[in-house]
Amino acid sequence: MMERTYAGTCVYCSDQGYLTELEQWTPEIGKEIAAEEEIEMTDKHWEVIKYLQEQCKNEVALSIRRVGKSGVVNIKEFYALFPGGPLKKASRIAGIPKPVSCI
Amino acid sequence: MKNILILGAGTSGTMMANHLRKSLSKDQWNITIVDKEETHYYQPGFLFLPFDIYKPKQVKKSIDKFIPKGVNLVREKIDRIEKDSDQVFLQNGEIISYDILIIATGTDIAPQEIEGMQSDNWHKDVFDFYTFDGAKNLRNKLREWEGGKLVVHICEMPIKCPVAPLEFAFLADSFFINKDMRDKVDLTFVTPMDGAFTKPTATKELNHLLEEKNIKIVPNFNIEKVDNENKKIVDYGGAEVEYDLLVTVPTNMGDPMIERSGFGDDLNFVPTDKSTLQSTVKDNIFAIGDATNIPASKAGSVAHFEAEILLENILRFIDGKELKASFDGHANCFIETGHGKALLIDFNYTHEPVTGSFPLPGVGPLRLLKESRMNHFGKLAFRWIYWNMLIKGTHIPFVSSAMSTAGKDLKEEETPIL
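Note that this is a predicted model, so its numbers are computed, not measured.

## Remarks on the side chain of B:H19
Argument step 1. Structurally, the position occupied by B:H19 is in helix 1 (residues 11-23).
Argument step 2. Aside from chain neighbours lying at most four places away, what touches B:H19 is B:A307, B:E308, B:L311 and B:G393.

## What to know about the environment of B:K298
Residues and elements named next belong to chain B.
Argument step 1. Along the chain, K298 turns up in the loop between strand 20 (285-287) and helix 6 (300-318).
Argument step 2. Relative accessible area serves as the criterion here: at 5%, K298 is assigned to the buried category.
Argument step 3. Remark: the alpha-carbon pair of K298 and L246, spanning 52 residues in sequence, is separated by 23 Å.
Argument step 4. Other than its neighbours up to four places away in sequence, K298 contacts T107, P158, I159, K160, C161, P162, F269, D290 and T292.
Argument step 5. A polar atom in the side chain of K298 sits 2.9 Å from the backbone oxygen of D290.

## Brief notes about the interface of chain A and chain B
How big an interface is tends to be stated in terms of the accessible area lost upon association of its parts.
Argument step 1. Taken residue by residue, the interface counts 13 residues in chain A and 21 residues in chain B.
Argument step 2. Taking both sides of the interface into account, the surface hidden between chain A and chain B amounts to around 1,500 Å²; carbon and sulfur atoms contribute 50%.
Argument step 3. The partner of A:K76 in a salt bridge is B:E224, and the shortest N-O contact between them spans 2.8 Å.
Argument step 4. Viewed at the interface, chain B and chain A are joined by eight residue pairs in polar contact (both at pLDDT 80 or more).
Argument step 5. Taken together, the elements giving at least two residues each to the side of chain A that touches chain B come down to helix 3 (64-68) and helix 4 (75-81) of chain A.

## So, the sheet that holds strand 9 (residues 100-103) of chain B
Residues and elements named next belong to chain B.
Argument step 1. Taking strand neighbours across the sheet as the criterion, the five strands line up as 5-2-1-9-20 in an open arrangement whose pairing is parallel. Two strands in the sheet have a free side with no partner beyond their single neighbour: strand 5 (71-74) and strand 20. Recorded for the sheet is a direction-independent mean angle of 20° between the axes of neighbouring strands.
Argument step 2. Two elements, strand 1 (residues 2-7) and strand 9, share four bridges in a ladder whose sense is parallel. Bridge pairing links I6 to I102 in strand 9.
Argument step 3. Packed onto the sheet, helix 1 meets strand 1, strand 2 (29-34), strand 5 and strand 9 and runs at close to 170° relative to strand 2.
Argument step 4. The strands that helix 6 touches are strand 1, strand 2, strand 9 and strand 20; relative to strand 9, the one it contacts most, it runs at about 165°.

Basis of the calculations
- Residues numbered from 1 in each chain as written.
- Chains lettered and ligands numbered in written order.
- Predicted model: local features only at pLDDT ≥ 70, side-chain atom pairs only at ≥ 80, totals over all residues.
- Heavy atoms only, no water.
- Helix = DSSP H or I, 4+ residues; strand = E, 2+ residues; numbered from the N terminus.
- Contact = heavy atoms within 4.5 Å.
- Buried < 20%, exposed > 50% of the residue type's maximum accessible area, 1.4 Å probe, protein only.
- Polar contact = N/O pair within 3.5 Å; in protein donor to acceptor, adjacent residues only side chain to side chain.
- Buried area = accessible area lost by both parts, 1.4 Å probe.
- Salt bridge = Lys/Arg side-chain N within 4 Å of Asp/Glu carboxyl O.
- Pairing = 2+ DSSP bridges.
- Axes fitted to C-alpha atoms, helices over the stretch in contact; angles between N-to-C directions.

The structure is reproduced here in structure tokens:
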């Protein structure tokens, strides 16, 4: 656990840079984390972020498959929006924990 | 008379039939178990079949042999569960009513989920080893294969026995060295995960072993399709890995019957309380083993520990008491590392695998997370334990359903992992 400053606000993060308190998250913080991931946010990006946050609040375990079936994006589009590791990057930007879809 | 109905006579269902028949009065409770199959496979043996270490007959026995007297075995396909009327519809039109239902229908491979996987090349140069046929066909292929690019691959998590693909890679290394052709084989391990395994400390040890055995690792690879023409697998991000022989673990899914019953998650696993093993679908429906969606490994050892907890909770449910027994996610797995050695890992929901001794603290004789010959013999001995004790519901000495931290080197790990 450590503290980091995004958009002038001090927030708690895990060692891997994921916010530990979703309440501390703001769109400005999300935007700065996205910049770290070299992603420029568009409306579609925000739509995905909103979906992930809702799922997290409802305690639904997230996986790339689930996001692909969400109706928000398909898997191909998800990769295009967040190249490399879409679920990990998008979760970081959304201020939710690193997904533990693997057991 | 009241009725308990168990769906599936695999590892979990058979254990529950044995446990329940011993615990419930025959005058009060009928126990019925439904399974379409005739053969009970020792699934851990599928790992050894491709390398001619086990013979096919060592991994199969008749299902009937392990169903205790006083339990009614129905050999028929299941169409669906009607949870509102507490009934199960079979495909022959028969209807079975129940007071308590236990879903133990396991998980199966679903190669059809990946584009191009189940083509004309399936079981010719693209193989699974999670089915009896897959393992046996792969054995025939490996007997005559002359070398090239061997890719061991996981499609997506969760899968049954998450260490099996790694063990396959280790055993392949050993197999080709023994055949004096290791220099002709380029071995690559491709996984959707960050590294070799799902838990950090074990991943460190296992990544090191991969390196030592000259097995390349390609992490974070989420397969989109198999390109049969150009013999390569392609990731959603555009990355590609070429193969001459692809040994893949396809997407694992629960029984399609779960979907037909109108519940189950994206992968047809039953929504289940991870502590009590009661489904969240309805109070009188319980689930066990690979069929559940709980965040524990899909493995026989997990099913064994779950069975002791589920028995206690079903007895409490029958007595109208609050469910109390709590499953901690305990898993205990041998990892074959080749050349007659193996590792042993022991972990649960909150404690990742670490080094130490097992099952007797400070004594062993088994070593945790370290390669040893004794661990390998432990793995081989397990086949006997499986057929003679485990599925008959006999308690295994020194190994309790709740994980023990005694004898473990926990210094490095203060915080829970989940």
